[in-house]
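These are the residues of each chain, in order.
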Amino acid sequence: MMKIDLNCDLGESFGAYTIGQDEEMMKYVDSVNIACGFHAGDPLVMMKTVEQALSHGLKIGAHPGLPDLQGFGRRSMAINSHEAYSIILYQVGALQAIVKAKGGTLTHVKPHGALYNMAAKDAELSQSIARAVRDIDDSLILFGLSGSELTSAGNEAGLTVAHEVFADRTYQSDGSLTPRSLPNSVLHDADKVEEQVMRMVKRQEVVTANGEVISIQADTICLHGDNKEGVSLARRIKETLS
């Protein structure tokens, strides 16, 4: 039987502000990537999300981002390799402590937002991220955009790598995600999302925004809980893949 991992970025609320539909999304995914306080989340949100994930029997990963709460980590920043290394250590270490305290085990790391997209194209930045993950725990799986500099850096660092694809995002010809600042960067039509997912899983390819067909590797599929159709899309994809 073919198997595919479904993951979701969660724990992105902050203080009195609630973002996403965490508990509902957990019903349909296999692994969760929990914000670590830089782009979203706070200690209480992190702990609550870890507890919920453990109750659902899900794999738990850290979702470290750039230090940009106001911009939700989606704005690029000029950071050097030392800064990248340190912010990964800081954030992953914080979540790892909470997971351990609650009786769980951290399984993977997936950078968030702009940091993720920057690392997809920047070899030096990716190497710093991969080195930090390895130095924390070399058994951690590094999630990265399929075929990117980040997955290459993970392989070079001796880490297990998961090539990630996106159910509800559109792609550019170079395999990168269409920037959210551009039109049609996010798919909302359930039929189109399902069609894209099945093509990525069964044929290991995706149709780009300009109609070109490119090859990808799909080890794990990202679903977004902050997409207003997120829960219904997750339910449909889970049923279709099953």
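Described below are features of the structure shown in this document. Fair warning: this is a prediction, and the values are worked out from it, not measured in the lab.

A separate point is helix α7 (residues 190-203). Over its 14 residues, α7 runs 19 Å from end to end, which matches the ideal 20 Å to within 8%, given 1.5 Å per residue. Among the residues making up α7, those that are buried are V193, Q196, V197, M200 and V201. For α7, the angular spread of the buried residues around the axis is 120 degrees, confining them to a single face. The exposed set on the far side of α7, more than 90 degrees from its buried face, consists of K192, E195, K202 and R203. On the buried face of α7, the contacting elements are β6 (160-166), β7 (205-207), β9 (220-224) and α8 (230-241). The N-capping residue of α7, defined by a side-chain oxygen 2.9 Å from the backbone nitrogen of D191, is D189.

With that settled, the discussion passes to the sheet that holds β9. Strand order in the closed barrel formed by 7 strands is β1-β2-β3-β4-β5-β6-β9, with parallel pairing between adjacent strands. Adjacent strand axes in the sheet meet at a mean angle of 35 degrees when their direction is disregarded. Pairing between strand β1 (residues 5-10) and strand β2 (residues 31-35): 4 bridges, direction parallel. Directly across from N7, in β2, lies its bridge partner S31. Its contacts with the sheet put helix α4 (residues 113-121) on β5 (141-145) and β6, and the angle it makes with β5 is roughly 80 degrees.

All right, on to a negative patch on the surface then. A cluster of acidic residues, D122, E124, E149 and E156, forms a negative patch on the protein surface. On the basis of relative accessible area, E124 is assigned to the exposed category, the value being 51%.

Quick look at the packing of helix α2 (residues 43-55) against helix α3 (residues 81-101) now. Direction vectors running N to C along α2 and α3 enclose 45 degrees, while the axes themselves pass 10 Å from each other. By the criterion of interaxial angle, the relationship of α2 to α3 is oblique. Of the two elements, α2 crosses α3, and the hand of that crossing is right-handed. Mapping the contact onto sequence places P43, M46, M47 and V50 in α2 and A94, L95, I98 and V99 in α3. When the residues that make up the contact of α2 with α3 are grouped by side-chain class, the tally is 8 nonpolar, no polar and no charged.

For the structure shown, the criterion picks out 13 salt bridges. In this structure, the salt-bridge partner of D68 is R75, at a minimum N-O distance of 2.6 Å. Here R75 falls in the partly exposed class, since its relative accessible area comes to 45%. One salt bridge connects R236 with E194, and the closest N-O pair in it is separated by 2.4 Å. Taken as a pair, R236 in helix α8 and E194 in helix α7 lie far apart in primary sequence, 42 residues in all. A relative accessible area of 28% means that R236 is categorised as partly exposed. For E194, a relative accessible area of 22% puts it in the partly exposed group.

What counts and what doesn't
- Counting of residues starts from 1 at the beginning of each chain's written sequence and follows it residue by residue.
- Only residues with pLDDT of 70 or above have their local features reported here, since the model is predicted, and side-chain atom pairs are shown and tallied only from 80 upward, although totals for entire chains, interfaces and linings are computed over all residues.
- Heavy atoms from the whole structure form the basis of all side-chain values; hydrogens and water molecules are not counted.
- Helix and strand definitions follow DSSP, with helices as H or I runs of at least four residues and strands as E runs of at least two, each counted in order from the N terminus.
- One fewer than the residue count of a helix, multiplied by 1.5 Å, yields its expected span.
- Relative accessibility under 20% of the residue-type maximum defines a buried residue, over 50% an exposed one, and the middle range a partly exposed one, all with a 1.4 Å probe and only protein chains included.
- Working note: the arc is built from the helix axis to C-beta atom directions.
- The contact rule is simple, with two residues in contact once any of their heavy atoms fall within 4.5 Å.
- Each polar contact in these results corresponds to two N or O atoms within 3.5 Å; when the atoms are within protein, one needs to be able to donate a hydrogen and the other to accept it, and residues that are neighboring in sequence are counted only if both atoms are side-chain atoms.
- A pair of strands is labelled paired if DSSP reports no fewer than 2 bridges between them.
- As a rule, the C-alpha atoms of each element are fitted with a line to give its axis, helices using only the stretch in contact, and angles between N-to-C directions run from 0 to 180 degrees.
- Residues qualify for a patch when their relative accessible area is over 30% and they have no salt bridge, like charges being joined within 9 Å and the nonpolar side chains of Val, Leu, Ile, Met, Phe, Trp and Tyr within 5 Å.
- Only the protein chains shown count as cover for residues, with accessible areas throughout obtained via the Shrake-Rupley method and a probe of 1.4 Å.
- For salt bridges, the criterion is a side-chain nitrogen of Lys or Arg within 4 Å of an Asp or Glu carboxyl oxygen.
- Positive: Lys, Arg. Negative: Asp, Glu. His and the chain ends are not part of the count.
- By convention, charge coordinates are those of NZ in Lys, CZ in Arg, CG in Asp, or CD in Glu.
- Any angle that falls under 35 degrees is termed roughly parallel, while one over 145 is termed roughly antiparallel, one within 65 to 115 roughly perpendicular, and all others oblique.
- Handedness of a crossing follows from how the near helix is turned relative to the far one, being left-handed for an anticlockwise turn of less than a right angle and right-handed for a clockwise one.
- Here the term charged refers only to Asp, Glu, Lys and Arg, the term nonpolar to Ala, Val, Leu, Ile, Met, Phe, Trp, Tyr, Cys and Pro, and the term polar to all other amino acids, Gly among them.

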